[in-house]
Amino acid sequence: MKRFVLSFLFVTALAPGFASAQSAMSALEFERYVQGKTLYFAYGGEAYGVERYLGNRRVQWSFMDGQCKDGFWYEEAGQICFVYDDTPDPQCWSFFKEPGGLRAIFENDPEATTLYEAQQDDKPMLCYGPEVGV
């Protein structure tokens, strides 16, 4: 029994190292996971944004304010990069599949912003039409 407990403690101590050694999802793995879904992401326990994954690697992103940005994604150097109509510079992320959903690390940021999948849906997200002035 003592041997079992020591083995368990050793494996438990190594577990965080295993998680960090996990490799990022490839474009094919990412596409299979997200295709046709709407994913809600959280940052620091708070709602962050929502993205709808359409065909042909097209996406719609919103900070959950009803203002949606159209774009597309592609793989570059093992990262998943997004380009949106209003932001021509690619925003590249590393995605990891975990038991609770996706974990995404923003690779363009020295602080390495990390988002977590909070919810998944098959329904389109809320997008208001273009702003109309008086």
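Structure: above.
Residues numbered from 1 in each chain as written. Predicted model: local features only at pLDDT ≥ 70, side-chain atom pairs only at ≥ 80, totals over all residues. Heavy atoms only, no water.

K.L.:
Explanation requested: the state of the cysteines in the structure shown.
P.N.:
In protein chemistry, a disulfide is the covalent bond that joins the sulfur atoms of two cysteines. Inspection of the entire model under this criterion finds two disulfides. The disulfide that involves Cys68 links it to Cys127, with 1.9 Å between the sulfurs. On the S-S bond that ties Cys68 to Cys127, the torsion sits near -90 degrees, and the link is left-handed. Of the two residues, Cys68 is situated in strand 4 (residues 68-76) and Cys127 in the segment after strand 8 (114-121); the sequence distance between them amounts to 59 residues. Residue Cys68 is classed as partly exposed on the basis of its relative accessible area, which comes to 24%. Given the relative accessible area of 31%, Cys127 is considered partly exposed. Here Cys81 connects covalently by a disulfide to Cys92, the sulfurs 2.1 Å from one another. Taking the torsion about the sulfur-sulfur bond, which here is approximately 110 degrees, the covalent link between Cys81 and Cys92 counts as right-handed. Of the two residues, Cys81 sits in strand 5 (residues 79-84) while Cys92 sits in strand 6 (residues 87-98), which places them 11 residues apart along the sequence. The pair Cys81 / Cys92 is uniform in exposure class, with both members buried. (Disulfide = S-S within 2.5 Å. Helix = DSSP H or I, 4+ residues; strand = E, 2+ residues; numbered from the N terminus. Buried < 20%, exposed > 50% of the residue type's maximum accessible area, 1.4 Å probe, protein only.)

K.L.:
Would you explain helix 2 (residues 27-34) in this entry?
P.N.:
Residues spaced three or four apart along an α-helix face the same direction, because each turn holds 3.6 residues. Buried within helix 2 we find Ala27, Phe30, Tyr33 and Val34. Considered in projection along helix 2, the buried side chains sweep an arc of 130 degrees and stay on one side of the axis. Just downstream of helix 2 lies Gly36, where phi reads positive at about 80 degrees. (Arc of directions from axis to C-beta.)

K.L.:
Looking at this structure, I do not really get the packing of aromatic side chains. What am I missing?
P.N.:
Each aromatic ring pair is characterised by the separation of its centres together with the angle its planes make. In the structure shown here, the tally under the stated rule is 12 aromatic pairs. Ring geometry for Phe30 versus Trp73: centroids 5.0 Å apart, planes at 85 degrees, classification edge-to-face. Here Phe30, found in helix 2, pairs with Trp73, found in strand 4; they are 43 residues apart in sequence, far enough to count as distant. In this structure Phe30 comes out as buried when scored by relative accessible area, which is 0%. Joined through ring pairs, the aromatic side chains of Phe30, Tyr53, Trp73, Phe82, Tyr84 and Phe95 make up one cluster. (Phe/Tyr/Trp six-rings, centres within 6.5 Å; stacked < 30°, edge-to-face > 60°.)

K.L.:
Looking at this structure, I do not really get the environment of Lys97. What am I missing?
P.N.:
Within the element layout of this structure, Lys97 appears in strand 6. Taking the C-alpha atoms as reference points, Lys97 and Gln22, separated by 75 residues in sequence, lie 9.2 Å from one another.

K.L.:
What should I look at first to understand the nonpolar core in this one?
P.N.:
Note on soluble globular proteins: their nonpolar side chains tend to be buried together. If you look at the biggest cluster of nonpolar residues, it comprises 20 residues, and the most contacted ones within it are Phe30, Tyr53, Phe82, Phe95 and Leu102. For this core, the secondary structure elements donating two or more residues are helix 2, strand 1 (38-43), strand 3 (58-62), strand 5, strand 6 and strand 7 (101-106). Counting residues per element, this core draws most heavily on helix 2, which supplies four residues. When sequence neighbours within four positions are dropped, the list of residues in contact with Phe95 reads Ala24, Met25, Phe30, Phe41, Ile80, Phe82, Leu102, Arg103 and Ala104. (Core = buried A, V, L, I, M, F, W, Y, C linked by side-chain atoms within 4.5 Å. Contact = heavy atoms within 4.5 Å.)

K.L.:
When you look at the side chain of Ser94 in this model, what are you seeing that I'm missing?
P.N.:
Mapped onto the elements, Ser94 comes out in strand 6. Judged by its relative accessible area of 7%, Ser94 falls in the buried class. A polar contact of 2.7 Å, which involves the side chain of Ser94, links it to the side chain of Glu107. Other than its neighbours up to four places away in sequence, Ser94 contacts Ala24, Gln79, Arg103, Ala104, Ile105 and Glu107. (Polar contact = N/O pair within 3.5 Å; in protein donor to acceptor, adjacent residues only side chain to side chain.)

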